[in-house]
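Structural features, examined
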Amino acid sequence: MFKQKHLIAGKWVGGSETFANEPTTGTPDTFSVGTVENVKAACSAAEGAFPSYAATSRAERADFLRRIADEIDARGGDITAIGTRETGLPAARLEGERGRTCGQLRLFADHIEDGAYLDKRHDTALPDRAPLPRPDLKMMQRPVGPVAVFGASNFPLAFSTAGGDTASALAAGCPVVVKGHSAHPGVSDLVAQAIEAARIACDLHEGVFNQVQGGNRHVGTALVQHPLIKAVGFTGSLGGGRALFDLCASRTEPIPFFGELGSVNPMFLFSAALKSRGAEIGSAWAGSLTMGCGQFCTNPGIAVVLDGDGIDAFTGAAHAGLSDTAPQDMLTGSMAETYRKGASELAGRPKVETLLSAPSDGRRGAPVLLKVSASDWLRDETLGHEVFGPLGLIVVAKDGDEMMRVAQALDGQLTCTLHLDDADATKAALMVPILERKAGRLLANGFPTGVEVADAMVHGGPYPASTNFGATSVGTLSIRRWLRPVCYQNMPDALLPKDLQT
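Now for a description of the structure that goes with this document. (Residues numbered from 1 in each chain as written. Predicted model: local features only at pLDDT ≥ 70, side-chain atom pairs only at ≥ 80, totals over all residues. Heavy atoms only, no water.)

Time to look at the overall build of the protein. When helices and strands are counted, the protein shows 14 helices and 21 strands. Restricting to contacts in the protein with at least 6 residues of sequence separation, those with at least 24 account for 77%. Accessible surface computed for the protein: about 20000 Å², of which carbon and sulfur atoms make up 52%. Averaged over its 46 positive side-chain charges, the protein has a centre that lies 4 Å from the centre of its 55 negative ones. (Helix = DSSP H or I, 4+ residues; strand = E, 2+ residues; numbered from the N terminus. Contact = heavy atoms within 4.5 Å. Areas by Shrake-Rupley, 256 points an atom, 1.4 Å probe, with all protein chains shown as cover. Lys, Arg positive; Asp, Glu negative; His and termini not counted. Charge placed at Lys NZ, Arg CZ, Asp CG, Glu CD.)

This is the structure we're talking about:
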């Protein structure tokens, strides 16, 4: 079922060294270890593909994206089977993620066929204008070149081999080199096979898509620093993302690094909503916190509440919901260990009260519920750091002014949520301008776990949520990351890109 090799220039390339996945059950599978030489070959293949792929029509690229989706669906059973073993995620979650991934590919196909994303503009020549004539000016967005994509650990489909970064780059007309994540090499192998089958069916250049599996830090460094790579997409930790960002910036030719680095996704509960629906919100929060064992970048890890009526009902319902959730498998054993260490360190901070801390070991993670006053939270910046897993921190503000100071003190976030009733609208309106500067997505009376793939979605935010506050890694706007505007002055029609020709 597996090739167990890298896909470079249309060929499956092995090597002398291998690494094994970490299945929750059964015998591990082995895969070739990526090398710097593999990266060099993959980047050269992508550059070789760029002229012909950038020149394809929107209809041709749309057909390619749809065929990738069809090929992934055709391998759906095998992908789910290995995905559950490698990640510990339930089959229903993986099948839903596959639907999202294939739906995104098809959405992007529809979007580029429409053509509006090219943002075409035309200023006609004014030869008789005084004091100087104006030339004929045409502008449109053009692909930037080969793109490097780093697969994410927590989404083996939607943010990995054929996930949003790859799909949007291919939609833009950019060949891709994927660095597969070692947490789920089997899933990455099967999806790469699907993309290659679609490439062959569409008769595209063999370097349009390449994937290098595994490898140490030097492999990732070589990828982002290769002079043929013109942009990078990444979803992962703040530390890893920042290191790659710095490498991109330090190149002789600096390139854009679009990193999604995580977030605590705070919720703000206003007094009327807390009084009328505290228990309901607390119970739903527990469900959101523990979904996927808390391994979502939009996990709402902090709840800022006003002290007063409803806080006990909210806290009690959250405690009950988390207490009823058994420890779950995390994506890897090392991730579970990192979660337990992070939860322990946060619980050990001064003035933090532990309301719930269930034991867990090995690959499993158990819910943790902590509580602290807003004044103490404001004095300790550590309490605003993400702990990746099912941990919730209740921050109790004594009044609306203190709640506002918490909002002002936030780092950049992917999401911020307001829980409010009609009576809270005036106070909430004062907070919205603050939160607009803190996050890429604002929610009212909902939970951020669940990122709709749609035209209006923004999945990004000010640093450290992401490295580029003007971009999104989800939704059709994500295609714009891999494009740049080019102006053509007095250019003969035959020399223009086909989309600009009259």
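Core analysis: the largest hydrophobic core is formed by 56 residues, its most contacted members being Phe 64 and Ile 72. If one sorts the elements of this core by residue count, helix H6 (residues 185–201) sits on top with seven residues. Ile 72 has contacts with Ile 79, Arg 98, Cys 102, Leu 105, Ala 162, Val 191 and Ala 194, leaving out every residue within four places of it along the chain. Val 352, Val 395, Leu 410 and Ala 439 belong to the second largest nonpolar core, which has 41 residues in total. (Core = buried A, V, L, I, M, F, W, Y, C linked by side-chain atoms within 4.5 Å. Buried < 20%, exposed > 50% of the residue type's maximum accessible area, 1.4 Å probe, protein only.)

The next point concerns the sheet that holds strand E6 (residues 137–143). Strand pairing within a sheet occurs via backbone hydrogen bonds; the two strands may be parallel or antiparallel. Strands sit in the order E5-E6-E21 across an open sheet of three strands; the sheet is antiparallel. Two strands lie at the open edges of the sheet, namely strand E5 (121–123) and strand E21 (483–489), each paired on one side alone. Between one strand axis and the next, the sheet turns by 25° as a mean value, whatever way the strands run. Taken together, the seven bridges between E6 and E21 define a ladder with antiparallel strand orientation. Bridged to Arg 142 within E21 is Arg 484. (Pairing = 2+ DSSP bridges. Axes fitted to C-alpha atoms, helices over the stretch in contact; angles between N-to-C directions.)

This model, assessed by the stated rule, comprises 24 salt bridges. Here Arg 67 ties to Asp 63 by a salt bridge, and the two come within 3.3 Å at their closest N and O atoms. You can see Arg 67 and its partner Asp 63 sitting in helix H2 (residues 58–74), four residues apart, about one turn around the helix. Of the residues examined, Asp 63 reaches a relative accessible area of 34% and is grouped as partly exposed. Here the residues in one salt-bridge network are Asp 70, Asp 73, Arg 98 and Arg 106, joined through shared partners. (Salt bridge = Lys/Arg side-chain N within 4 Å of Asp/Glu carboxyl O.)

Now for the pairing of E6. Across the seven residues of E6, five count as buried, placing the element largely inside the fold. Inspection of the sheet shows E5 paired to E6 by three bridges, in the antiparallel sense. Residue pairing across strands places His 122 opposite Lys 138, the latter belonging to E6.

Moving on, we get to the side chain of His 419. On the secondary structure map, His 419 appears in strand E19 (residues 413–419). Once residues lying within four places of it in the same chain are set aside, the contact partners of His 419 are Met 267, Phe 268, Leu 269, Phe 270, Ala 273, Arg 277, Ile 281, Asn 445, Gly 446 and Phe 447.

It is worth spelling out the sheet that holds strand E12 (residues 267–269) at this point. Read from one edge of the open sheet, seven strands run E15-E17-E18-E13-E12-E19-E20, paired in mixed fashion. At either end of the open sheet lies a strand with only one pairing partner, and these are strand E15 (353–357) and strand E20 (439–444). Recorded for the sheet is a direction-independent mean angle of 20° between the axes of neighbouring strands.

Along helix H9 (residues 271–290), the sharpest change in direction is near 90° and occurs at Arg 277. Gly 292 lies just past H9 and shows a positive phi near 60°. (Bend = angle between axes of the 7 residues up to and from the residue.)

Applying the stated criterion to the full structure yields 10 aromatic pairs. Centroid distance Phe 155 to Phe 159: 5.2 Å. Interplanar angle 65°. Geometry classified as edge-to-face. In this structure, Phe 155 and Phe 159 share a single accessibility class: buried. The interplanar angle of 85° and the centroid separation of 5.3 Å between the aromatic rings of Phe 258 and Trp 482 together place this pair among those described as edge-to-face. Residue Phe 258 is located in strand E11 (residues 257–260), and its partner Trp 482 is located in the loop between E20 and E21; the two are separated by 224 residues in the primary sequence. Note on accessibility: Phe 258 and Trp 482 belong to one class, buried. Through pairs of rings, three or more aromatic residues link up here, namely Phe 150, Phe 234, Phe 245 and Phe 257. (Phe/Tyr/Trp six-rings, centres within 6.5 Å; stacked < 30°, edge-to-face > 60°.)

Along the chain, Lys 341 falls in helix H11 (residues 333–347). A relative accessible area of 53% places Lys 341 in the exposed class. Considering only alpha carbons, one finds Lys 341 and Ile 302, 39 residues apart in sequence, at a separation of 18 Å.

This part covers the environment of Leu 204. With respect to the secondary-structure elements, Leu 204 resides in the loop between H6 and strand E9 (209–212). Separated by 12 residues in sequence, Leu 204 and Ala 192 place their C-alpha atoms 15 Å apart.

All right, on to helix H8 (residues 238–250) then. In this model H8 runs 18 Å from its N-terminal to its C-terminal C-alpha over 13 residues, within 8% of the 18 Å that 1.5 Å per residue would give. Looking only at H8, the buried set comprises Gly 241, Leu 244 and Cys 248. Across the axial projection of H8, the buried residues extend over an arc of 65°, all falling on one side. Those residues of H8 that are buried lie in contact with strand E7 (147–150), helix H7 (217–225), strand E10 (231–235) and E11. (Expected span 1.5 Å × (residues − 1). Arc of directions from axis to C-beta.)

Moving on, we get to the packing of helix H3 (residues 76–87) against H6. Direction vectors running N to C along H3 and H6 enclose 160°, while the axes themselves pass 8 Å from each other. What the angle tells us is that H3 and H6 run roughly antiparallel. Regarding H3 and H6, the two cross each other, and that crossing is left-handed. Note on element contacts: H6 touches H3 through Pro 185, Gly 186, Val 187, Leu 190 and Val 191, opposite Asp 78, Ile 79, Ile 82, Gly 83 and Glu 86. Grouping the constituent residues of the contact of H3 with H6 by class yields six nonpolar, two polar and two charged. (Parallel < 35°, antiparallel > 145°, perpendicular 65-115°, else oblique. Left-handed = near helix turned anticlockwise from the far one by under 90°. Nonpolar A, V, L, I, M, F, W, Y, C, P; charged D, E, K, R; others polar.)

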